[in-house]
Amino acid sequence: MGLDNVAVHWPRTGRFYDPVAPAEFVDFGEIVDLPQVSAPTAALAELIAKTGTVRATAYTELVDLILGLENVLYATDAAAEEEDPVIDPDGCAWVAGGIERFVAAHRPFGEAVTFESVSAVLRSLLADGRLAEQQLRWLDTRLDGLRDEAGAPPQWSFTCSELGVLAAFYRRCADRGYAVYADA
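It should be emphasised that the depicted structure is a prediction, and the values quoted were computed from it without experimental measurement.

## Notes on the packing of aromatic side chains
According to the stated counting rule, one finds eight aromatic pairs in the structure shown. Considering the side-chain rings of Y17 and Y181, the 6.0 Å spacing of their centres and the 45° angle between planes classify their relative orientation as tilted. Highlighted residues: Y17 in the loop between β1 (4-9) and α1 (39-51) and Y181 in strand β6 (residues 178-183), separated in sequence by 164 residues. Taken together, the aromatic side chains of F25, F28, F169, Y170 and Y178 make up a single cluster linked through ring pairs.

Written out as structure tokens, the structure is:
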């Protein structure tokens, strides 16, 4: 089983969150028909269009690295406070904004998003910061932590367009006042 991020109405009514009708995301299905759209991008867009849900498991490490926190898509801060694991609309805007900025910064590095390209993009973004040396050491620690016992990096294989669709899901939730329930 994996992690699903399900669009839900905010705030909840009663004991449970009501899922948002997939019709609110039906326009994501138009992405499938675009020329030269990658299979993963089309699959993500189609899933969102049909269900109002993202299968988030594949994106958790990358999103955590981009945003600089742990288990963002699991909504663990809320769970730790004995609340429901929900990303509220403001949190959705923050997630979308972080992914959107990353995708924009990644474009000069090409369409393929790999461990190596993510490292290069994040290094370029942090190098000009106020605490660049400290942040680059933090990044090196995070990147090393993602490697397996043999020192091999994760075998990420995303595209900028796929991450753009992912960001668009969270942006849609934020713009329409929906939350995202982390269903693990």
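## Section: the sheet that holds strand β3 (residues 86-87)
Across the sheet, four strands lie side by side as β2-β1-β6-β3; this open sheet has antiparallel pairing. Two strands close off the open sheet at either side, each with one partner strand: β2 (53-55) and β3. In the sheet, β3 pairs with β6 via two bridges, with the strands oriented antiparallel. Of the residues in β6, the one forming a bridge with V86 is Y181. Sitting on the sheet, helix α7 (residues 160-176) touches β1, β2 and β6, and the angle it makes with β6 is about 130°.

## Some thoughts on the pattern of salt bridges
Working definition: two side chains of opposite charge can pair if their charged atoms are close together. Tallied over the entire structure, the rule returns 11 salt bridges. The salt bridge partner of K50 is E46, with a shortest N-O separation of 3.3 Å. With K50 and E46 both in helix α1 and four residues apart, the pair spans about one turn of that helix. For K50, a relative accessible area of 57% puts it in the exposed group. Assessed through its relative accessible area of 35%, E46 is described here as partly exposed. The salt bridge partner of E70 is R142, with a shortest N-O separation of 3.2 Å. Of this pair, E70 sits in the loop between α2 (60-67) and α3 (76-80) while R142 sits in helix α6 (residues 132-146), placing them 72 residues apart in sequence. The class for R142 is buried, based on a relative accessible area of 16%.

## A short note on the environment of D90
Relative to the elements of secondary structure, D90 occurs in helix α4 (residues 89-106). Each C-alpha atom, one on D90 and one on P108, is 29 Å from the other, the two residues being 18 residues apart in sequence.

## A look at the packing of α2 against α6
Interhelical geometry of α2 versus α6 gives an angle of 170° and a closest axis separation of 11 Å. Judged on the interaxial angle alone, α6 and α2 are roughly antiparallel. Facing E61, D64 and L65 of α2, the residues of α6 in contact are W138, L139, R142, L143 and L146. Grouping the constituent residues of the contact of α2 with α6 by class yields five nonpolar, no polar and three charged.

## With respect to α6
With 15 residues, α6 should reach 21 Å at 1.5 Å per residue; the first-to-last C-alpha distance of 21 Å fits that figure. Those residues of α6 that sit buried are A132, L139, R142 and L143. For α6, the angular spread of the buried residues around the axis is 95°, confining them to a single face. When the buried face of α6 is taken as reference, the exposed residues oriented beyond 90 degrees from it are E133, T141, D144 and G145.

## Thoughts on unusual backbone geometry
With an omega of -10°, the peptide bond running from W10 to P11 counts as cis. Relative to the assigned elements, P11 resides in the loop between β1 and α1. Unusually for a residue other than glycine, Q36 sits at a positive phi of about 60°. Mapped onto the fold, Q36 is located in the loop between β1 and α1. A positive phi angle, near 55°, is found at A75, a position not held by glycine. Overall, the relative accessible area of 7% leaves A75 in the buried class.

Reading the values: the criteria
- Residues numbered from 1 in each chain as written.
- Predicted model: local features only at pLDDT ≥ 70, side-chain atom pairs only at ≥ 80, totals over all residues.
- Heavy atoms only, no water.
- Phe/Tyr/Trp six-rings, centres within 6.5 Å; stacked < 30°, edge-to-face > 60°.
- Helix = DSSP H or I, 4+ residues; strand = E, 2+ residues; numbered from the N terminus.
- Pairing = 2+ DSSP bridges.
- Contact = heavy atoms within 4.5 Å.
- Axes fitted to C-alpha atoms, helices over the stretch in contact; angles between N-to-C directions.
- Salt bridge = Lys/Arg side-chain N within 4 Å of Asp/Glu carboxyl O.
- Buried < 20%, exposed > 50% of the residue type's maximum accessible area, 1.4 Å probe, protein only.
- Parallel < 35°, antiparallel > 145°, perpendicular 65-115°, else oblique.
- Nonpolar A, V, L, I, M, F, W, Y, C, P; charged D, E, K, R; others polar.
- Expected span 1.5 Å × (residues − 1).
- Arc of directions from axis to C-beta.

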